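Survey of secondary and tertiary structure
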Amino acid sequence: MLCAHVVRLGSILGLYFVFAKGLEDDEVVVNMTAVEDRSVSLPCNVTFPAGDYAISLVLWFRGNSGIPIYSLDARNGSIYKAFHFTDDILGTRAYFDLTSRPPLLKIAPVKKKDEGVYECRVDYRRARTEKWRADVRVIVPPKNAVIKDAQGKRVKGLIGPFNDGDMLALSCEAEGDPIPNVTWWKDSTLLDGDYSVTPGGIVRNELLIKRLHRDHLMSVLTCQASNTNLSVPVFKSVTLDINLKPLEVRISTVTRPLLAGQQVELVCQSSGSRPPARILWWKGSEKMSNISYTRHDNVTISKLTFTPTIQDHEKYLSCKADNPVVSNSALEDGWIITVYHLPMLRLSLGANIQHDSIREGSDVYFDCNIQANPWVSEVGWRFEGKTLFSDTKKGIIISNQTLVLQKVTRERRGRYQCVATNVVGEAESEEIILRVHYAPVCKSGQKTVFGVDRLESVNIRCKTLADPTNLTFYWSLNNTFERIELHSFITNGTVSKITYRPRTRYGYGVLNCWARNKIGIQKEPCHFSIIPAGRPEPVRECDVLNSTMTTIEIECEAGYNGGLQQNFHLDVFNYPLETLEANLTNHNKPSFSVNDLPPGTTFIFAIYALNSKGKSHSVALTASTLPTPEKRTAKIERPGISPVLGILIGIVGALVLLAILTVAIMKYKHHQENKGPGEQDIINKHHTPFQKDMDEGPDSDTREPDVIPALAVDSQDKNGGIEKGADSCQSSHNGKGRPRDFSVPQSKVFGTPTVSVSEFLQDTQGMSYSEVSGTAPQASNAVRPTNSPTEYDFYRKARSLMFQADQEDECNVTAETPLMEPMSYMPERHGVNSVINQRSKVSTSV
């Protein structure tokens, strides 16, 4: 089969060569234009008969070639069943369509090489051969436009960035047949329409922009190439990216004076730069740090945080904004700094004064050097932290920035400062310690009395003040009889320590201590009294300061401490319950505040002092807390009393009172007739003030108070002392027929917060021992109480509580005298049953 086709094709080709020789080149019918890479349809515009078997061959030729480029062979059958043949140039791109009228030779896609004169030849079976010719021109449109920069490098899309003010050169190249038009456009505006053709047939259009500016940012430049209306022009575009200079820069912080040492924040803002501007801060020629940035769009905000100093005053502070990639793009804003600061003070001694040579009596002056902005409005001086004022009488002269001390004394040694004030505030200079050389003096505030037992050692420190402190110490003892130099002591700077032990009664006296330095010897020595040590004296002048439902405050005066350190104690007894409610201690003074007490309760307070030798006699007080307020639910209306009824009631009351007085007088006379002379004397003194009686007695020695008054003791001595059977502990006397000490506090009325059991005890101590023991009564200033039996029970119970609290003082005269026998025994023995219970109570030592 293949061989048969080959034979047939060969015969047809033979016919082609024959017919080709008879063609005429000038038989052109129509001109046609085709676009490369598109399709073209070449009509075979001849008459096609209606019969399917009328055509034998259809041949297509191009140019002068005698070889058909496309053939249709229908010699052996119908034309619709004919064989189609193409040459190698067209290949599968060509197809002869017989269904269209006229039939068309379609070539797709068309190539530039397909350009030429095409001839369609039709051979009929029974008719003459026909021909049709068309001149086909193939247009090659620009397929691509190439944009290049000034260096010949292809660019596309976003190009740049270019700097604001730079020159821009771009070229666009395109190829086509015929030669295309190459133009430059910005948006819809033609920028450049001139182009040239290179020897290689390339069309080029060069665009030159001499100066780029802000309007060119993100503008689109388009190169267009076109050579026919049959196709869409070719476009190639680039977008310009441009670095822009800042448009403005300014410091938005309000210009104001700055405070030295106070942190400040300044704000600078710049806009218009692309990319956002770089902002730098400068202080004079110093580049500042500690900068923060905020950027959005083309705005940059910079914040500078710094602490100005005094040296920054009048420096130029600037904010500079620039685009680092754009030359000459910097903008600047700034102002001169004004720095306010506290006064800077420097204190110094006068130029001609040598600090080490200042002695008492020298003249001293200080200079205060001031640096301030703004200038100071006031200058002052301080000595030891206190304001110093000018006083010419004391030798203090203040003149602005100078302080003069005339004939300075050691009291003027210490710390000096100058102070100054301006609108910023007040400042003070450093301290200068003025050193005044002086001879040693005794330091105040030292312990000067030492209570010491015989053969007991005591350490005594002699403290002095001196400048210079290189001292030589001396010690001596004055005991009234002689003056003894002491040599066994220790010296440490301005302190000398001696250990002293009195071995005999002549070892007590006054120790003198003095020192010497290069300025001179101490004028007045330090005195230390060495006395025999003993127990402290009782407290005195006790009083209840305040009383509430739960709190009672008590304050006393301290007695002599016995030559030793003493502290004070308070025992609080609950009188109704007969129990110890509280025990308080105060190491400084006999003052106590007792809290958390039950309301509406009576208490007995026993106060005493204590040192290392023992404790003093106790002083007792009674006081009560306030009762709880009553609750009232309704107001009770009381019936009124008419004036007539009131007069009648008064008359009846007066009659009843008169009857009572009559009965009382009769009983009184009867009692006087039956009473002895000793008792009569006591009754006659009933209305004599107790305190006055005590004051009229012999002088007392406050060193060692005794419970029994002097009159009672003298009466006892006249009767031969204490009877046989009395306690072995006797009252102490001063060798003059009276106790060493006797003091009685002011009498108080029973029922007040300060009335105490000790007042009753003091009254009983006013009676002589002979009166109590049943001997003949002697003249006495004692006052007999006349209280009711109910109060008597109160005293009895108080005494039991008091002595229970004072048990450790086993040889206390107050607790062991016959007056301390139970009260129930005293009326039977002494016959004072009706007198004792009515005595007014007085606070005293127990």
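Residues numbered from 1 in each chain as written. Predicted model: local features only at pLDDT ≥ 70, side-chain atom pairs only at ≥ 80, totals over all residues. Heavy atoms only, no water.

Let us now look at the pattern of salt bridges. For the coordinates displayed, the defined rule picks out 30 salt bridges. Here arginine 121 and aspartate 123 are joined by a salt bridge, their closest N and O atoms 3.4 Å apart. Accessibility classification places arginine 121 together with aspartate 123 in one group, the buried group. Here arginine 274 and aspartate 241 are joined by a salt bridge, their closest N and O atoms 3.2 Å apart. Of this pair, arginine 274 sits in the loop between β21 (264–271) and β22 (278–283) while aspartate 241 sits in strand β18 (residues 234–243), and the two are 33 residues apart along the sequence. Relative accessible area serves as the criterion here: at 13%, aspartate 241 is assigned to the buried category. Among the ionic contacts, a cluster of salt bridges with common partners joins Glu36, Asp37, Lys111 and Lys143. (Salt bridge = Lys/Arg side-chain N within 4 Å of Asp/Glu carboxyl O. Buried < 20%, exposed > 50% of the residue type's maximum accessible area, 1.4 Å probe, protein only. Helix = DSSP H or I, 4+ residues; strand = E, 2+ residues; numbered from the N terminus.)

Right, let's get into a nonpolar patch on the surface. A contiguous nonpolar patch, built from Leu645, Ile647, Leu648, Ile649, Ile651 and Leu655 and spanning about 590 Å² of accessible area, is present on the exposed surface. Position of leucine 645 relative to the elements: it lies in helix α2 (residues 643–673). (Patch = residues over 30% accessible without salt bridge, like charges linked within 9 Å, V, L, I, M, F, W, Y side chains within 5 Å. Areas by Shrake-Rupley, 256 points an atom, 1.4 Å probe, with all protein chains shown as cover.)

Turning our attention to the packing of aromatic side chains. Following the criterion strictly, the structure yields eleven aromatic pairs and no others. Centroid distance phenylalanine 83 to phenylalanine 85: 6.5 Å. Interplanar angle 35 degrees. Geometry classified as tilted. Judged by relative accessible area, which is 37%, phenylalanine 83 ranks as partly exposed. Where phenylalanine 450 meets phenylalanine 528, the ring centres are 6.4 Å apart and the plane angle is 50 degrees; that geometry is what we call tilted. With phenylalanine 450 in strand β38 (residues 449–452) and phenylalanine 528 in strand β45 (residues 526–532), the pair connects residues that are 78 residues apart, well separated along the chain. Classification of phenylalanine 528 as buried rests on a relative accessible area of 1%. An aromatic cluster is built from Phe450, Trp475, Phe489 and Phe528, whose rings are joined through pairwise contacts. The ring of tryptophan 282 has lysine 320 sitting right over it, with the charged end atom 5.6 Å from the ring centre. Its end group placed over the ring of tyrosine 608, lysine 615 keeps NZ or CZ at 4.3 Å from the ring centre. (Phe/Tyr/Trp six-rings, centres within 6.5 Å; stacked < 30°, edge-to-face > 60°. Lys NZ or Arg CZ within 6 Å of the ring centre and 35° of its normal.)

All right, on to the pairing of strand β3 (residues 55–62) then. Counting buried residues in β3 gives eight out of eight residues, a clear majority hidden from the surface. The pairing of β3 with strand β8 (residues 116–124) spans seven bridges and is classified as antiparallel. Among the inter-strand pairings, arginine 62 is bridged to a residue of β8, identified as tyrosine 118. When β3 meets strand β4 (residues 70–73), the two strands line up antiparallel, connected through four bridges. (Pairing = 2+ DSSP bridges.)

Quick look at the side chain of arginine 382 now. Looking at the element boundaries, arginine 382 is found in strand β30 (residues 378–383). The class of arginine 382 is buried, set by a relative accessible area of 19%. Within polar-contact distance, the side chain of arginine 382 engages the side chain of glutamate 426 at 2.9 Å. A polar contact is formed between the side chain of arginine 382 and the side chain of glutamate 428, at a distance of 2.7 Å. (Polar contact = N/O pair within 3.5 Å; in protein donor to acceptor, adjacent residues only side chain to side chain.)

Moving on, we come to the pairing of strand β19 (residues 248–251). The two faces of β19 differ: Val249 and Ile251 on one face are buried, but Glu248 and Arg250 on the other face are not. Note: β19 against β21, four bridges, orientation antiparallel. Directly across from arginine 250, in β21, lies its bridge partner glutamine 269.

The next subject is the sheet that holds strand β2 (residues 40–43). The pairing of strands in a sheet comes from backbone hydrogen bonds and takes either a parallel or an antiparallel form. Across the sheet, which stays open at both edges, the three strands sit in the order β2-β7-β6 with antiparallel pairing between neighbours. The sheet terminates laterally at β2 and β6 (94–97), the two strands that pair on one side only. Recorded for the sheet is a direction-independent mean angle of 20 degrees between the axes of neighbouring strands. Pairing geometry for β2 and strand β7 (residues 104–107), over four bridges, is antiparallel. Note on β7: the bridge partner recorded for serine 41 is lysine 106. (Axes fitted to C-alpha atoms, helices over the stretch in contact; angles between N-to-C directions.)

Before going further, it helps to spend a moment on the sheet that holds strand β14 (residues 189–192). The five strands lie next to each other as β11-β18-β17-β13-β14, forming an open sheet whose pairing is mixed. Of all strands in the sheet, those with a lone pairing partner are β11 (157–163) and β14, marking the two edges. Each neighbouring strand pair of the sheet contributes to a mean axis angle of 35 degrees, computed without reference to strand direction.

What follows covers the state of the cysteines. The bond known as a disulfide is covalent and runs between the sulfur atoms of two cysteines. According to the stated counting rule, one finds seven disulfides in the structure shown. Disulfide pairing is shown between cysteine 172 and cysteine 223; the S-S distance is 1.5 Å. The sign of the -80 degrees torsion about the S-S bond sets the cysteine 172-cysteine 223 disulfide as left-handed. Highlighted residues: cysteine 172 in strand β12 (residues 168–174) and cysteine 223 in strand β17 (residues 220–226), separated in sequence by 51 residues. Assigned by exposure class, cysteine 172 and cysteine 223 land together as buried. A sulfur-sulfur distance of 2.1 Å marks the disulfide that ties cysteine 462 to cysteine 513. Because the sign of the S-S torsion sets the handedness, a value of about -95 degrees for the bond joining cysteine 462 and cysteine 513 places this disulfide among the left-handed ones. (Disulfide = S-S within 2.5 Å.)

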